[in-house]
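# Chains, contacts and geometry: an overview
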Amino acid sequence: MPLLDRLESRFGRFAIPGLVQIVAGLKLLTFAIFVMQSAEARDRYLDFLSLDGPRILSGQVWRLVTYLFIPTTLNVLFAVLSAMMLMWLGRGLEQAWGAFRLNLFVRDRLHMAKVMKKRTQFKEASPTAAPFFHQCSLCQKTEVDDPSLYFRINDAGDEICSECRKST
Ligand SMILES: [Zn+2]
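Residues numbered from 1 in each chain as written. Predicted model: local features only at pLDDT ≥ 70, side-chain atom pairs only at ≥ 80, totals over all residues.

Along the chain, the regular secondary structure elements total seven helices and two strands. The helix and strand sequence of the chain, counted from the amino end, reads α-α-α-α-α-α-β-β-α. Residue burial in the chain is summarised as follows: out of 168 residues, 5% are buried. Long-range contacts, defined here as pairs at least 24 residues apart, represent 42% of the contacts in the chain between residues at least 6 apart. (Helix = DSSP H or I, 4+ residues; strand = E, 2+ residues; numbered from the N terminus. Buried ≥ 20, exposed ≤ 12 C-beta atoms within 10 Å, placed from the backbone. Contact = placed C-beta atoms within 7 Å.)

One non-glycine residue, Gln-140, lies in positive phi territory at about 65 degrees. When you line up the elements, Gln-140 lands in the loop between α6 (76-124) and β1 (151-153). Its 10 C-beta neighbours within 10 Å are what place Gln-140 among the exposed residues.

We now examine the environment of Thr-66. Tracing the backbone shows Thr-66 in helix α5 (residues 63-66). The sequence separation of Thr-66 and Leu-26 amounts to 40 residues, and the corresponding C-alpha distance is 9.1 Å.

Attention shifts here to helix α2 (residues 19-36). Side chains of residues three or four places apart in an α-helix project in the same direction, reflecting 3.6 residues per turn. Given a rise of 1.5 Å per residue, 18 residues ought to cover 26 Å, and the 26 Å separating the end C-alpha atoms of α2 matches this to within 8%. If you check which residues of α2 are buried, you get Ala-24, Lys-27 and Phe-31. One face of α2 carries all of its buried residues, which in axial projection span an arc of 60 degrees. For α2, the exposed residues set more than 90 degrees away from the buried face come down to Leu-19, Leu-29 and Met-36. (Expected span 1.5 Å × (residues − 1). Arc of directions from axis to C-beta.)

Quick look at the environment of Pro-2 now. For Pro-2, the location among the structural elements is in the segment before α1 (3-11). The sequence separation of Pro-2 and Asp-108 amounts to 106 residues, and the corresponding C-alpha distance is 8.3 Å.

Here we come to the environment of Asp-158. Within the fold, Asp-158 resides in the loop between β1 and β2 (159-161). Its 12 C-beta neighbours within 10 Å are what place Asp-158 among the exposed residues.

Looking now at the confidence of the model for the chain. Across the chain, pLDDT averages 78, with 79% of residues at or above 70. For the chain, per-element mean pLDDT is lowest for α1, which scores 70, and highest for β2, which scores 90. (pLDDT = per-residue confidence, 0-100.)

Okay, structure coming up:
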C-alpha cells in the first residue's frame, strides 16, 4: 500500500472536511463580536484570545487556537472579504489536494505497470529464450547453452547432441 494510503487509513478519520472554512467562519464570528464591543470589553476579549505562553502552560490551552481568530482589522468590508477569500482558498486547496492525491495514485499505478512490463520483457529476453538453431531432444541443450556441442539428426528425425549420443 502506498505511504499516502497508509497515512490516510490511519489518520483519515482525524481529517476535518472544510477545516479552513470553519476557521474562516470562526474568525468572522470573532470579528463580529469584536466590533460590537466597547473598547474596554475589546481589551479583555483580546486578552482572552491571545497567544500567551505562560498562561497556555498553566492550562489555558484554548489560546493555541483562539489567537488565530483575533481580528487583524476593524474594517467590516475588509474582514468579510478576507474571510471569503480564506473560504475560497480553503475549498480550492481541498479540491487541489484531492486532485493531487489522484495524481499521485495514477502516477504510482503507471509506474508499476511500466516496471512489470520491463520485467516481462527481461524474462522474454533471458538466455533460455535466446535464438538457437539446434536443440537436443534428450537433454534440451542448445548450441547456445554449450557451444562445444554439435548436433545430429537421428533415424527418428530427432536432433541429438554429441554428449547424449556418446552416452547412448
Ligand atoms: Zn543432449
